[in-house]
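Residues per chain, in single letters:
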Amino acid sequence: MSFPIRRLPILTTRWHTTLFQRLPSFPRRCYSTPPSDSSSKIHLPCGPEEWSKHFKAPILINHRISVRNPATAATIADAFVPEGSQDKIIVEAYPGPGQLTRALLALPKERIKKLIVIENWEPYLEWLRPLQEVDPRVELVEMNPFLWDTYTRMTELGILNDVQKIEWNKGVHPQLQFISHLPSTVYSEQLLSQFLRSMPEGHWLFSYGRIPLSFILSEHLYRRVVAAGQDRSARCKLSVVAEATAECTAPLDFATTQPYEQHFHPFPSIRSLSIETKKDARAIGRPFRTMNIVPLENQIVAKGQMDTWDFCLRRLYVKKSTPLKDAINILAPNSRVLIGAVTNPNLPESERLDVSKKIRDMEAHEWAIFMKAFDNWPFKPSELTFQEGYSSSLRSL
């Protein structure tokens, strides 16, 4: 099966080149009717009303949140690719119509050598193709960013041929970086989980080394990823996997992107603000923010052990408010013997667990001790994998 990528010829006319180079200093144009030619789509419309006219959000994609405010996009771009960055190759997924894309291209040119933009929604592509026409750094991949096959196909087509492979223990990759908006759905949590799960094995883009990731995502998902310390209410399987595989930080203060309606598209209706946001953590209008993720050099999850972590965390987090010693029976038949294995007084203190600790209070290093005991258990279940829907047939975002 083929995965065609449309490449339009690069226009090198002086007019187009001059126009794009001066883009940051031009006043933003607002259109009362959709512009008909690609050159007029170099600039995005202004304000939420104009965006609502040009980028109507049908139910199919109304969860696709995009940064709209050009000043906000510029701040985010500078935070994701800060001063000192050199010759970056950026893979940007879910760009929407490309406000952040334009802000990345407006950074000092020495920071970004190549910008690979992955988008498959035609109304957004109409506003992205002109960028490829006027800037040779842009390569538009018209495929679904959610499907794993997209990234495999990019490699097969040689789009990443100029990316060096850096050994895992040689530091964060200085060249390749992944940037993405994450849609406001449960499938974004699955996608982010898959990124994290790929780190210990060096799969996906991590075959090139410790690739930094930068996201624009909901506050709801952010809290589930970083839940730690005294804030345990959002602690979940995703939080544990994130703690065990990566360092997650906020490059910008939460207030920088608040309130939602001043910075993002689609603009929430009065009804959605007053009703939907009260009952749905993923409703349009809920806060969005930024996050950077850098893979740990020393992964707590050992190679080949991810299925064990998935199995144990999924089962035990059903009773996340229960102490480990009481929740253990849900894991597998006769699994209570594991309590003795992790509390054996002959073990060094650093290899023993406090089994009175609640599931949600256990830290990643404590889970590592438990996973080691589980893996060494001769009667552990033979089938540990779950059908979580990470295949290429998973519903499109």
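Our structure is the block above this text.
For the structure given in this document, a descriptive report is provided here. (Residues numbered from 1 in each chain as written. Predicted model: local features only at pLDDT ≥ 70, side-chain atom pairs only at ≥ 80, totals over all residues. Heavy atoms only, no water.)

When helices and strands are counted, the protein shows 14 helices and nine strands. Across the 397 residues in the protein, those meeting the buried criterion constitute 53%. Roughly 17800 Å² of accessible area belongs to the protein as shown, and the carbon and sulfur atoms make up 51% of that amount. (Helix = DSSP H or I, 4+ residues; strand = E, 2+ residues; numbered from the N terminus. Buried < 20%, exposed > 50% of the residue type's maximum accessible area, 1.4 Å probe, protein only. Areas by Shrake-Rupley, 256 points an atom, 1.4 Å probe, with all protein chains shown as cover.)

A few words now on the packing of aromatic side chains. Enumeration over the complete set of coordinates arrives at 21 aromatic pairs. Ring geometry for tryptophan 51 and phenylalanine 55: centres 5.0 Å apart, planes at 65 degrees, overall edge-to-face. You'll find tryptophan 51 and phenylalanine 55 in the same group, each marked buried. Note on tryptophan 367 and phenylalanine 370: the rings are 6.1 Å apart at their centroids and 85 degrees apart in plane angle, and the pair reads as edge-to-face. Here phenylalanine 370 and tryptophan 367 lie together in helix 14 (residues 364–376), a separation of three residues that amounts to about one turn. One aromatic cluster is present, formed by Trp148, Tyr151, Phe178, Phe195, Trp204, Phe206 and Phe215 through successive ring pairs. Positioned above the aromatic ring of tyrosine 222 is the side chain of arginine 289, whose terminal nitrogen or guanidinium carbon lies 3.9 Å from the ring centre. (Phe/Tyr/Trp six-rings, centres within 6.5 Å; stacked < 30°, edge-to-face > 60°. Lys NZ or Arg CZ within 6 Å of the ring centre and 35° of its normal.)

Burial analysis of strand 9 (residues 288–295) places seven of its eight residues in the buried class, the great majority of the element. The pairing of strand 6 (residues 213–218) with strand 9 spans six bridges and is antiparallel. Counterpart to serine 214 in the pairing with strand 9 is asparagine 292. (Pairing = 2+ DSSP bridges.)

To continue, consider the side chain of arginine 64. Turning to its location among the elements, arginine 64 is positioned in the loop between helix 2 (47–54) and strand 1 (66–67). Within polar-contact distance, the side chain of arginine 64 engages the side chain of glutamate 119 at 2.6 Å. (Polar contact = N/O pair within 3.5 Å; in protein donor to acceptor, adjacent residues only side chain to side chain.)

Moving on, we come to the pattern of salt bridges. Tallying each qualifying case throughout the model produces 18 salt bridges. Across the pair arginine 111 and aspartate 78 runs a salt bridge, and its minimum N-O distance is 2.7 Å. Taken together, the residues arginine 111 in the loop between helix 4 (99–105) and strand 3 (112–118) and aspartate 78 in helix 3 (residues 70–80) connect sequence positions 33 residues apart. On the basis of relative accessible area, arginine 111 is assigned to the buried category, the value being 8%. With a relative accessible area of 37%, aspartate 78 lands in the partly exposed category. Between aspartate 310 and arginine 197 there is a salt bridge whose closest N-O contact spans 2.5 Å. One end of the pair, aspartate 310, is in helix 11 (residues 306–316); the other, arginine 197, is in helix 7 (residues 186–198), and 113 residues separate them in sequence. (Salt bridge = Lys/Arg side-chain N within 4 Å of Asp/Glu carboxyl O.)

Moving on, we get to the sheet that holds strand 3. Here seven strands make up an open sheet; going across it, the order is 4-3-2-5-6-9-7 and the pairing mixed. Two strands close off the open sheet at either side, each with one partner strand: strand 4 (138–141) and strand 7 (246–249). When the angles between neighbouring strand axes are averaged without regard to direction, this sheet yields 20 degrees. Sheet analysis places strand 7 next to strand 9, joined by four bridges and oriented antiparallel. Each residue of the ladder has a partner; that of cysteine 248, found in strand 9, is isoleucine 293. In the packing of helix 3 onto the sheet, contacts are made with strand 5 (176–181), strand 6 and strand 9, and the angle to strand 9 comes to roughly 10 degrees. (Axes fitted to C-alpha atoms, helices over the stretch in contact; angles between N-to-C directions. Contact = heavy atoms within 4.5 Å.)

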